[in-house]
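For reference, the chains in residue letters:
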Amino acid sequence: MWVFYKKMVKLNEVILNEFVKRGYARNNGNKVWDISDRKFLFLTPELIKGFLKIREWNIYKERIAAREKALIRTRSGIIAEEIKKQPFNLIDIYCTDGSKAIEFISSLGDGFKIRYCPVNVNKELVDLSLKNIRSKKFDSVFDYNPLVSDCDGRTLNRVTNKLKDKTYKTNVVLLLRSVLASYEINSYLFELSKDMKIGDYLVIGNGIRLGERLVNLETYKHPIWDEWFINLMRGLGFKDSEVKYDVRFGNSRIEAFYKIKADKIIEFKKKKIEFKTGDEVLVAVLYKYYLDEFDKFCKMYFSQVDLFKDDESEYALVFCRK
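Please read all numbers here as calculations on a predicted model, not as lab measurements. (Residues numbered from 1 in each chain as written. Predicted model: local features only at pLDDT ≥ 70, side-chain atom pairs only at ≥ 80, totals over all residues. Heavy atoms only, no water.)

### What to know about the overall build of the protein chain
Link 1 in the chain: Secondary structure assignment for the protein chain yields nine helices and 16 strands.
Link 2 in the chain: Against the globule reference of 20 Å for 322 residues, the protein chain gives a C-alpha radius of gyration of 20 Å, in line with a compact fold.
Link 3 in the chain: Projecting the C-alpha coordinates of the protein chain onto the three principal axes gives extents of approximately 60 × 45 × 35 Å.
Link 4 in the chain: Buried positions account for 54% of the 322 residues belonging to the protein chain.
Link 5 in the chain: Expressed as a percentage of contacts within the protein chain between residues at least 6 apart in sequence, the contacts between residues at least 24 apart total 74%.
Link 6 in the chain: By element, 47% of the accessible surface of the protein chain is carried by carbon and sulfur atoms, the whole surface being about 14,900 Å².
Link 7 in the chain: Across the protein chain, 59 positive and 46 negative side-chain charges occur, with their mean positions spaced 4 Å apart. (Helix = DSSP H or I, 4+ residues; strand = E, 2+ residues; numbered from the N terminus. Rg over C-alpha atoms; globule rule 2.2 N^0.38 Å. Buried < 20%, exposed > 50% of the residue type's maximum accessible area, 1.4 Å probe, protein only. Contact = heavy atoms within 4.5 Å. Areas by Shrake-Rupley, 256 points an atom, 1.4 Å probe, with all protein chains shown as cover. Lys, Arg positive; Asp, Glu negative; His and termini not counted. Charge placed at Lys NZ, Arg CZ, Asp CG, Glu CD.)

Given below as structure tokens:
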């Protein structure tokens, strides 16, 4: 098992290390610190609790989970035929409770030989996914290989390739529930695909843009997002009263950030990180692409791309074959 975080980490140490390493940008004279890597949002029990609350939110269930589930149920026969019932590693990127993989495995039918490989930066979520997959007692799941790992494309393209052995020679990578929306698509697909081999698959589930590119900002201003993201700021040492959550359109994406409301100095490894009133901490980003853009990017890195959209043309399931 590749292990990056064997136990719950001290959130402030992880993030402040990033502050020191990355530095900051300037915007209208204020500092802007970027900690929008998705991995930070799963590092503590409080952050996990916030995420699981998002998953139970009606908007998330209706716009992401339900649409993706329907597409998997109706379209997975295509990849089932493509795999031709050869043994494969099923790599569940940013697993949470195994539900994405459960839906996918159920849709494939019988006769497959699968090694389930849940991946997350948080061991508790990896263990939960393993527990739930095992509880289903799938006849097609023969083995397991959990990975506690960073899930960015550069790391994954090294880790996943090492999963292959004499029995499991093919990888099927699940990138579902709009995980890809947290990354710049061109960079992520390039990094993830470059060590994939002929016959490997990537299965993407992601929202797609219909109409104007930058809309529905109010959805991301809902308090439920603040309830999740605020745990990053608390982990850094901020009080809730010292920051204010907000969302904007910037750099062709949605950006969630906190505005600093009071001067503050945080000491870390004999260094002092100084925050001024008006400074910002970027905590999350969301990219959304039109259907033709999504198709174009996938075809840049994969020889075969089958893209399916839901009835409202707001969600897509994509099968990519290397």
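### A look at the sheet that holds strand 10 (residues 253–260)
Link 1 in the chain: Pairing is mixed across the open sheet formed by five strands, whose spatial order is 1-2-13-10-9. The strands lining the two open edges of the sheet, one partner per strand, are strand 1 (25–27) and strand 9 (243–250). Across the sheet, the axes of successive neighbouring strands diverge by a mean angle of 35°, strand direction being ignored.
Link 2 in the chain: Two elements, strand 9 and strand 10, share eight bridges in a ladder whose sense is antiparallel. From the neighbouring strand, Phe 249 faces strand 10, where its bridge partner is Ile 254.
Link 3 in the chain: Running at roughly 55° to strand 10, helix 8 (residues 223–236) makes contact with strand 9, strand 10 and strand 13 (280–286) of the sheet. (Pairing = 2+ DSSP bridges. Axes fitted to C-alpha atoms, helices over the stretch in contact; angles between N-to-C directions.)

### Details of the side chain of Ser 313
Link 1 in the chain: Here Ser 313 is to be found in the loop between strand 15 (304–309) and strand 16 (315–321).
Link 2 in the chain: For Ser 313, a relative accessible area of 16% puts it in the buried group.
Link 3 in the chain: A polar contact is formed between the side chain of Ser 313 and the side chain of Lys 309, at a distance of 3.4 Å.
Link 4 in the chain: The contact partners of Ser 313, leaving out residues within four places of it in the chain, are Ile 208 and Leu 210. (Polar contact = N/O pair within 3.5 Å; in protein donor to acceptor, adjacent residues only side chain to side chain.)

### Quick word on the environment of Ile 93
Link 1 in the chain: Along the chain, the position of Ile 93 falls in strand 3 (residues 88–93).
Link 2 in the chain: Residue class for Ile 93 comes out buried when judged on its relative accessible area of 0%.
Link 3 in the chain: Separated by 204 residues in the primary sequence, Ile 93 and Phe 297 place their C-alpha atoms 20 Å from one another.
Link 4 in the chain: In contact with Ile 93, not counting residues within four places along its chain, are Lys 100, Val 119, Cys 151, Leu 156, Val 173, Leu 174, Leu 175 and Tyr 188.

### Quick notes on the nonpolar core
Link 1 in the chain: Counting residues in each nonpolar core, the largest one holds 114 residues, and the members touching the most others are Phe 19, Leu 90, Leu 202, Ile 204, Phe 229 and Met 233.
Link 2 in the chain: When near neighbours in sequence (up to four residues on either side) are disregarded, Leu 90 contacts Ala 101, Phe 104, Ile 105, Ile 114, Arg 115, Tyr 116, Cys 117, Val 172 and Leu 174. (Core = buried A, V, L, I, M, F, W, Y, C linked by side-chain atoms within 4.5 Å.)

### Looking at unusual backbone geometry
Link 1 in the chain: Positioned with a positive phi, Tyr 94 is a non-glycine residue whose angle comes to about 50°.
Link 2 in the chain: The topology assignment puts Tyr 94 in the loop between strand 3 and helix 4 (99–108).

### Quick look at the pattern of salt bridges
Link 1 in the chain: Tallying each qualifying case throughout the model produces 28 salt bridges.
Link 2 in the chain: The partner of Asp 97 in a salt bridge is Arg 55, and the shortest N-O contact between them spans 2.6 Å. Separated by 42 residues along the polypeptide, Asp 97 in the loop between strand 3 and helix 4 and Arg 55 in helix 2 (residues 45–55) bring together distant segments of the chain. Of the two residues examined, Asp 97 and Arg 55, each falls in the buried class.
Link 3 in the chain: For Lys 61, the salt bridge is made with Glu 56, and the minimal N-O distance between the two is 3.2 Å.
Link 4 in the chain: The partly exposed category is assigned to Lys 61, whose relative accessible area is 36%.
Link 5 in the chain: Ionic contacts of the salt-bridge type, sharing partners, join the residues Arg 248, Arg 253, Glu 255, Lys 259 and Glu 280 into one network. (Salt bridge = Lys/Arg side-chain N within 4 Å of Asp/Glu carboxyl O.)

### Here we look at the environment of Lys 276
Link 1 in the chain: Looking at the element boundaries, Lys 276 is found in the loop between strand 12 (271–275) and strand 13.
Link 2 in the chain: Using a relative accessible area of 38% as the deciding quantity, one classes Lys 276 as partly exposed.
Link 3 in the chain: For the pair formed by Lys 276 and Lys 259, sequence separation is 17 residues and the distance between their alpha carbons is 9.8 Å.
Link 4 in the chain: Side-chain polar atoms of Lys 276 contact the side chain of Glu 274, separated by 3.1 Å.

### Some thoughts on the packing of aromatic side chains
Link 1 in the chain: Counted by the stated rule, this structure contains 20 aromatic pairs.
Link 2 in the chain: For the ring pair Phe 229 and Tyr 245, a centre distance of 6.1 Å and an interplane angle of 50° mean the geometry is tilted. Taken together, the residues Phe 229 in helix 8 and Tyr 245 in strand 9 connect sequence positions 16 residues apart. Pair check on accessibility: Phe 229 and Tyr 245 agree, each one buried.
Link 3 in the chain: On the basis of an interplanar angle of 50° and a centroid distance of 5.4 Å, the ring pair of Tyr 245 and Tyr 258 is categorised as tilted. Taken together, the residues Tyr 245 in strand 9 and Tyr 258 in strand 10 connect sequence positions 13 residues apart.
Link 4 in the chain: For Tyr 245, a relative accessible area of 12% corresponds to the buried category. (Phe/Tyr/Trp six-rings, centres within 6.5 Å; stacked < 30°, edge-to-face > 60°.)

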